[in-house]
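Each chain, letter by letter, is given below.
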Amino acid sequence: RRGEEEEESEEPLDLSWPGTCRARLFYIVLAPILFPLAFSTPDVRRAKWRMFFPITFIMSIVWIAIFSYLMVWWTETLGRTLGLGSKPEIMGLTLIAAGTSVPDLITSVIVARKGLGDMAVSSSIGSNLFDICVGLPIPWLVAWQPGSV
């Protein structure tokens, strides 16, 4: 079974109008994310764009930065709307932490359903380890100024 999954290749992104009502609803909801990504990032699943994989990698990092900025901004706005005022640590520890854990949960469930439980567990542990070893030190190093200690 694993051989069959490895042989399957993902199809390139298709932006044509879907046929079913459910697919059209998803298309409309995802359009604000899909269109900027599709027009700014080369789809290396197409043979003619394979050589542009470094640009795809760099643009992926740029889009992660843009979406991260927007997520924090929207979370701060939600916090002010809910009356939490100037307590960004509350928003960071609750909404953003929960929101960033959902994709890890979804990928772990998908991988576990495929019978790869060890990969699901290592994904969960690896994600948290990466956050602690890279996600925390880099902002501290950027904020740190020599001679201020």
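In this text, all values refer to a predicted model and were calculated from it rather than measured experimentally. (Residues numbered from 1 in each chain as written. Predicted model: local features only at pLDDT ≥ 70, side-chain atom pairs only at ≥ 80, totals over all residues. Heavy atoms only, no water.)

Some thoughts on the overall build of the protein
For the record, the criterion: Secondary structure elements follow DSSP: runs of H or I no shorter than four residues count as helices, runs of E no shorter than two count as strands, and numbering proceeds from the N terminus. Buried, partly exposed and exposed residues are distinguished by accessible area as a fraction of the type maximum, computed with a 1.4 Å probe on protein chains only: under 20%, between the cut-offs, and over 50%, respectively. In what follows, residue pairs with any heavy atoms lying within 4.5 Å of each other are defined as contacts. To measure how exposed things are, a 1.4 Å probe is used in the Shrake-Rupley method; for residues, cover is taken only from the protein chains shown.
Helices and strands together make up the secondary structure of the protein, namely six helices and zero strands. From first element to last, N terminus to C terminus, the protein shows the α and β order α-α-α-α-α-α. When burial is assessed residue by residue, the protein has 11% of its 149 residues classed as buried. Considering only intrachain contacts with a sequence separation of at least 6, the fraction spanning at least 24 residues in the protein is 32%. If you sum the accessible surface of the protein, you get close to 12,100 Å²; carbon and sulfur atoms cover 70% of it.

Observations concerning the side chain of Thr56
Note on placement: Thr56 falls in helix H3 (residues 53–81). The residues contacting Thr56, other than those within four sequence positions of it, are Thr41, Pro42 and Val44.

A word on the pattern of salt bridges
Note the threshold: We count a salt bridge whenever a side-chain nitrogen from Lys or Arg sits within 4 Å of a carboxyl oxygen from Asp or Glu.
Applying the stated rule across the entire model yields two salt bridges. Between Asp43 and Arg45 there is a salt bridge, with its nearest N and O atoms 2.9 Å apart. The exposure class of Asp43 is buried, given its relative accessible area of 17%. On the accessibility criterion, Arg45 (33% relative accessible area) is partly exposed.

Considerations on a nonpolar patch on the surface
Counted only if it meets this: Like charges within 9 Å and nonpolar side chains (Val, Leu, Ile, Met, Phe, Trp, Tyr) within 5 Å are joined into patches, using only residues over 30% in relative accessible area that form no salt bridge.
A contiguous nonpolar surface patch, about 1,000 Å² in accessible area, is contributed by Leu25, Phe26, Val29, Leu30, Ile33, Phe57, Ile58, Ile61, Val62, Ile66 and Phe67. Listed by contribution, the elements that provide at least two residues to the nonpolar patch are helix H2 (21–40) and H3. Take Leu25: it is sitting in helix H2. Among the residues examined, Leu25 registers a relative accessible area of 54% and is labelled exposed.

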